[in-house]
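Coordinate analysis (summary)
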Amino acid sequence: MPGKVRETPLKNPDRDYLALGLEGSANKLGAGIMKHSKDGSATVLSNIRHTYITPPGEGFQPRDTAQHHREWALKVINDCLAKASVSMHDIDCICFTKGPGMGAPLQSVALVARTLSLLFHKPLVGVNHCVGHIEMGREITGAQNPVVLYVSGGNTQVIAYSRQRYRIFGETLDIAVGNCLDRFARIINLSNDPSPGYNIEQEAKKGKCLIPLPYATKGMDVSLSGILSAVEAYTLDKRFRAQGSLDGAPVEDIITAQDLCFSLQETVFAMLVEITERAMAHLGSKEVLIVGGVGSNERLQQMMGIMAQERNGQVFATDERFCIDNGIMIAQAGLLSYRMGYQTALSKTTCTQRFRTDEVHVAWRA
Amino acid sequence: MSSLSNAFPSSGVNVPGIRMVDSTAGVLGIEWIEGQSVRKLLPGGAAEDDGPEDVDDAALGVGVDGLVAPEPANTSTASSLNTYGLSIDELMRFIGIEIAKMHRIDVIHGDLTTSNMMLRHLESTSTAELILIDFGLSYQSTLTEDKAVDLYVLERAFSSTHPDSEPMFNSVLAAYADTMGKDWPAIKNRLDDVRLRGRKRSMVG
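Cut-off values and rules
- Residues numbered from 1 in each chain as written.
- Chains lettered and ligands numbered in written order.
- Predicted model: local features only at pLDDT ≥ 70, side-chain atom pairs only at ≥ 80, totals over all residues.
- Heavy atoms only, no water.
- UniProt positions renumbered as here; feature names shortened; annotations may be inferred.
- Helix = DSSP H or I, 4+ residues; strand = E, 2+ residues; numbered from the N terminus.
- Buried < 20%, exposed > 50% of the residue type's maximum accessible area, 1.4 Å probe, protein only.
- Contact = heavy atoms within 4.5 Å.
- Pairing = 2+ DSSP bridges.
- Axes fitted to C-alpha atoms, helices over the stretch in contact; angles between N-to-C directions.
- 1 Å grid on protein atoms, 1.4 Å probe; cavity = no way out; pocket = protein on both sides within 12 Å on 5 of 7 lines; lining within 4 Å.
- Points joined across faces, edges and corners; volume = space filled by probe spheres on them.
- Nonpolar A, V, L, I, M, F, W, Y, C, P; charged D, E, K, R; others polar.
- Expected span 1.5 Å × (residues − 1).
- Polar contact = N/O pair within 3.5 Å; in protein donor to acceptor, adjacent residues only side chain to side chain.
- Disulfide = S-S within 2.5 Å.
- Parallel < 35°, antiparallel > 145°, perpendicular 65-115°, else oblique.
- Left-handed = near helix turned anticlockwise from the far one by under 90°.
- pLDDT = per-residue confidence, 0-100.
- Core = buried A, V, L, I, M, F, W, Y, C linked by side-chain atoms within 4.5 Å.
- Right-handed = clockwise from strand over helix to strand, strands pointing away.

Chain B carries the name non-specific serine/threonine protein kinase in an unreviewed UniProt entry, which gives Collybiopsis confluens as its organism. Check the Sequence similarities (unreviewed entry) section of the UniProt entry for chain B; it says "Belongs to the protein kinase superfamily. BUD32 family."

If you look chain A up in an unreviewed UniProt entry, it shows as N(6)-L-threonylcarbamoyladenine synthase from Collybiopsis confluens. Recorded in UniProt for chain A, the comment headed Sequence similarities (unreviewed entry) runs: "Belongs to the KAE1 / TsaD family." In its Catalytic activity (unreviewed entry) section, the UniProt record describing chain A reads: "L-threonylcarbamoyladenylate + adenosine(37) in tRNA = N(6)-L-threonylcarbamoyladenosine(37) in tRNA + AMP + H(+)".

Structure (C-alpha cells):
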C-alpha cells in the first residue's frame, strides 16, 4: 500500500530451521536440505539430483520415470543427508512436490515423503513446484519483486507477484517451450545426456542461417506447437542435411540441423522475451527473473539481458543447479510456508498433476 | 502506423495526435497527454506493487513514483478518480466505448492493458476523456477473432493487475456491447471460445 510500510509477515526464526525437500515431478529426482538461520539468512546445505536419461529419440514415460525414482530415492536422500552432515532427527519438516507434474513420479516421491514422516515423526509440507522455482530463484539471485519468466519442460508462464499470489500474466496455449525443444532434439536424434535442451543449445551455436518459422504470440500468450510442426517439416525438406556440408564449408541452399536448432531457439526465445517485456512494461517493473530448466539456456539469458538493458532493467538468472528441477527449491518454498504455520496433514498428502501457480496463497510475502 | 493514425480522426477514437514524422531517421513525435495512466487510477494498479520487498527487510521504502498520493490504496484511488469527476463504473464505460470505436474501424490494438490508457481532463466541460496509447503492436483486421483476442488480453491484464476486477471488466464489456451493436454477439461468442482456449492448467515440469 502506498505510504504504508508493508511489514513482511515472515519473522526471523527463533532458532535454526532445517527442511528436507523432495522433488520428482518429472525425470529428475532431487533431494536437498535448506537451513534458515536466526539472522534470517538461508543456506543450502546439500542439493543432490539424479536424472533419468533415456536413449536418443525417446522421451521419458511416466511408469519408467516413477520406477527410476523408486530405485534411486534411498541413495539420493542418504547422499543428501551425508553431504549436509545432518541426521533425519535434526530435520524440522519434510517438503515434497504436490504438483504439477507427472502423476506416477509425483506419487512415488510423495510415498517416500510420507514414509519418512511416519518413521521420524516429522510434519509434511506439500509444495507447488512452480512456487518452488520462484522462491529459489528469488533466494539465490536476491531479486526483490521481479517479473518471473518460468520456462521448463512442462511450463511456460510469465508471472508477477501481487497481494499474496503469484499471478499468471501470460502462458503457453499448448506445449511448454522445454517440451518444444526436447521434442525437436528427439526428431533430429540428439542425445538426452545431460539434457536434450543443452544439446540443442550447443548445436544452435554452430547454426549459421536463420530459417523463417512462424512467430505466434497471442496477446500475452504464446503458442508453440505450430512452430514445432514447422521446424519438423524442414527436416523432411530436400535441402535438409543432418550433418551439414561434408567439408565444413558453407554450401548454398542447404538447411542443416544446426541451422534449425539456431532458428528454433531464436524464434521461440524472441517470443518469450516479447511477452516478458509486455508484462514489465505494464507493471513498470525493472527486474526479470528467469527460472525453470530452459532458464539455464545462456542464449535466452543473453536475449533477455539485451531487452532488460534497453529498459534500464536487470536480469536475474541462476545456473543449472537451481534452474533445473531440484530438491532444494522444494525445501525453500516448503520451509517458508512451514514457518508461517502451514503443514499438510497426512491424509491430505495427495499429489495433483494440475496445480496452477496462482492457486497458492503466498502467506510469507507482504 | 501512418495508415492507422489516418483512420482515427474521422472515427472519433481518442489517440495522441501525431506532431512530426521523420521516417528516414525513424523518429515519431506525438502529442503530450497531460493526464494519468488508468492503471494507477484503479485499485491494485498503483505503485504499491512496484516497491522492493524482501522477507528479510520489513522497513523498505515503497516505490511510489510521485503520481499517487501516499495514502492507503482505496482512498487514494477514489480521490484520484474524483479529481476527474468520475466513478470507477464511468471510467469502465469510457474504456468499453473507446475500444468499441476502435474496433468498429477494424483497428486491433494488440496490447490492451490499463497501462496503455490515459485519462485527461477536459477543461472546457470539466470532465475527462479516455485516450488509448501505444499502438506499437496494432494492426488492421476485420476478423472477429482478432477483436476477441484484443478484449481477452485486456481481461487478463485486469485480472492480473487489479484484484476483484470481474465487475469492472463486465462494465467494460457492457459498454463495448452497446457501442458495437449488432457485431457484439459474434465477438462475444468468440471471446467465450478464446477464454476456453489453451491450457488453463499447468502441465508436467
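Another aspect to go through is the UniProt feature "binding site: a divalent metal cation" (unreviewed entry) in chain A. All names here are of chain A. The sites that UniProt annotates as "binding site: a divalent metal cation" (unreviewed entry) are His129, His133, Tyr150 and Asp325. Considering the C-alpha atoms alone, the annotated residues occupy 197 residues of sequence yet fold into one spot, their largest mutual distance being 11.9 Å. You can see histidine 129 is positioned in helix α3 (residues 129–141). With respect to the helices, strands and loops of the structure, histidine 133 is situated in helix α3. A relative accessible area of 1% means that histidine 133 is categorised as buried. Setting aside anything within four residues of it in sequence, one finds histidine 133 in contact with Tyr150, Val291, Gly292, Phe322, Cys323, Ile324, Asp325 and Met329.

What follows concerns the sheet that holds strand β8 (residues 165–171) of chain A. Strand pairing in a sheet relies on backbone hydrogen bonds, with the paired strands running either antiparallel or parallel. Residues and elements named next belong to chain A. The mixed open sheet is built from five strands, whose spatial order is β8-β7-β6-β13-β14. Only two strands of the sheet have a single partner each, and these edge strands are β8 and β14 (314–317). Taking the axes of each pair of neighbouring strands and ignoring which way they run, one obtains an average angle of 25 degrees across the sheet. Docked against the sheet, α3 engages β6 (147–151), β7 (156–162), β8, β13 (287–291) and β14, running at close to 125 degrees with respect to β13.

The final tally for this structure, using the stated rule, is three cavities of 30 Å³ or more. There is about 50 Å³ of room inside the second largest cavity. Around the second largest cavity, the lining residues are Leu173, Lys218 and Asp221 of chain A together with Val149, Tyr152, Val194 and Arg197 of chain B. Considered class by class, the residues forming the lining of the second largest cavity number four nonpolar, no polar and three charged.

Residue and element names in this part refer to chain A. The sheet built from five strands is open, its strands ordered β3-β2-β1-β4-β5 with mixed pairing. The open sheet has two edge strands, β3 (42–51) and β5 (124–128), and neither has a second partner. Sheet twist, expressed as the average angle between the axes of neighbouring strands with direction ignored, equals 20 degrees. Examined bridge by bridge, strand β1 (residues 17–23) and strand β2 (residues 28–36) share seven bridges and lie antiparallel to one another. Note on β2: the bridge partner recorded for tyrosine 17 is histidine 36. Sheet strands in contact with helix α2 (residues 103–120) are β1, β2, β4 (93–99) and β5, and its direction is about 160 degrees off that of β4. Packing against the sheet, α3 makes contact with β1, β2, β3, β4 and β5, and its axis sits at approximately 85 degrees to β5.

For an α-helix the count is 3.6 residues per turn, leaving residues at separations of three or four pointing the same way. Counted at 1.5 Å a residue, the expected span for helix α4 (residues 88–104) of chain B with its 17 residues is 24 Å, and the 24 Å between its end C-alpha atoms agrees. Restricting attention to buried positions, one finds in α4 of chain B the residues Leu91, Met92, Ile95, Gly96, Glu98, Ile99, Ala100, Met102 and His103 of chain B.

When you line up the elements, arginine 39 of chain B lands in helix α2 (residues 38–41). With relative accessibility at 7%, the residue arginine 39 of chain B sits in the buried group. Separated by 2.8 Å, the side chain of arginine 39 of chain B and the backbone oxygen of histidine 282 of chain A make a polar contact.

Residues and elements named next belong to chain A. Taken together, the buried positions of helix α4 (residues 177–187) are occupied by Val177, Gly178, Cys180, Leu181, Asp182, Phe184 and Ala185. Next to the buried residues of α4 lie β6, β7, α5 (196–205), α6 (225–234) and α7 (257–283). Immediately downstream of α4, the backbone of asparagine 189 shows phi near 65 degrees, a positive value.

Turning next to the environment of leucine 106 of chain A. Residue and element names in this part refer to chain A. Looking at the secondary structure, you find leucine 106 in helix α2. Placed 253 residues apart in sequence, leucine 106 and glutamate 359 show a C-alpha to C-alpha distance of 18 Å. Leaving out residues up to four positions away in the same chain, leucine 106 has contacts with Gly24, Ser25, Thr97, Lys98, Gly99, Pro100, Gly101, Cys351 and Thr352.

Further remarks concern the state of the cysteines. Note on terminology: a disulfide is the covalent bond linking the sulfur atoms of two cysteines. All names here are of chain A. According to the stated counting rule, one finds zero disulfides over all chains in the structure shown. The closest cysteine sulfur to the non-disulfide-bonded cysteine 93 is located on cysteine 95, 3.9 Å from its own sulfur. Free of any disulfide, cysteine 351 has its nearest neighbouring cysteine sulfur in cysteine 95, separated by 14 Å. Classification of cysteine 351 as partly exposed rests on a relative accessible area of 23%.

Next up on the list: the packing of α6 of chain A against α7 of chain A. All names here are of chain A. Relative to each other, α6 and α7 sit at 165 degrees, their axes nearing to 11 Å. In terms of orientation, α6 and α7 fall into the roughly antiparallel class. When the axes of α6 and α7 are compared, the crossing they make is right-handed. Within the contact between the two elements, α6 uses Ile227, Val231 and Tyr234 and α7 uses Leu260, Leu264, Val268 and Met271.

Bridge count between strand β3 (residues 35–37) of chain B and strand β5 (residues 117–122) of chain B: three bridges; the pairing is antiparallel. Paired with glycine 35 of chain B across the bridge in β5 of chain B is arginine 120 of chain B.

Regions with low pLDDT should not have their predicted coordinates read in detail. Across chain A, the average pLDDT comes to 93, with 96% of residues at 70 or higher. Below a pLDDT of 50 lies the segment residues 1–5 of chain A, which in the model reaches 21 contacts outside its immediate sequence neighbourhood of four places, other chains included.

Residue and element names in this part refer to chain A. In terms of nonpolar packing, the biggest core is built from 49 residues, with Val151, Phe184, Leu224, Leu260, Leu264 and Phe269 touching the most fellow members. For this core, the secondary-structure elements that each account for two or more residues are β6, β7, α4, α5, α6, α7, β13 and α8 (298–310). For leucine 224, the residues in contact, after removing those within four places along its chain, are Thr172, Asp174, Ile175, Ala176, Val177, Cys180, Val268 and Met271.

What follows covers the pairing of β13 of chain A. Residue and element names in this part refer to chain A. Counting buried residues in β13 gives five out of five residues, a clear majority hidden from the surface. The alternating pattern of β13 places Glu287, Leu289 and Val291 and Val288 and Ile290 on opposite faces, both of which are buried. Where β6 and β13 come together, four bridges link them in parallel fashion. Looking across to β13, one finds that valine 148 is bridged to leucine 289. The pairing of β13 with β14 spans four bridges and is classified as parallel. Counted as the bridge partner of valine 288 is valine 315 from β14. Assessed by its sense of winding, the connection that carries the chain from β13 through α8 to β14 is right-handed.

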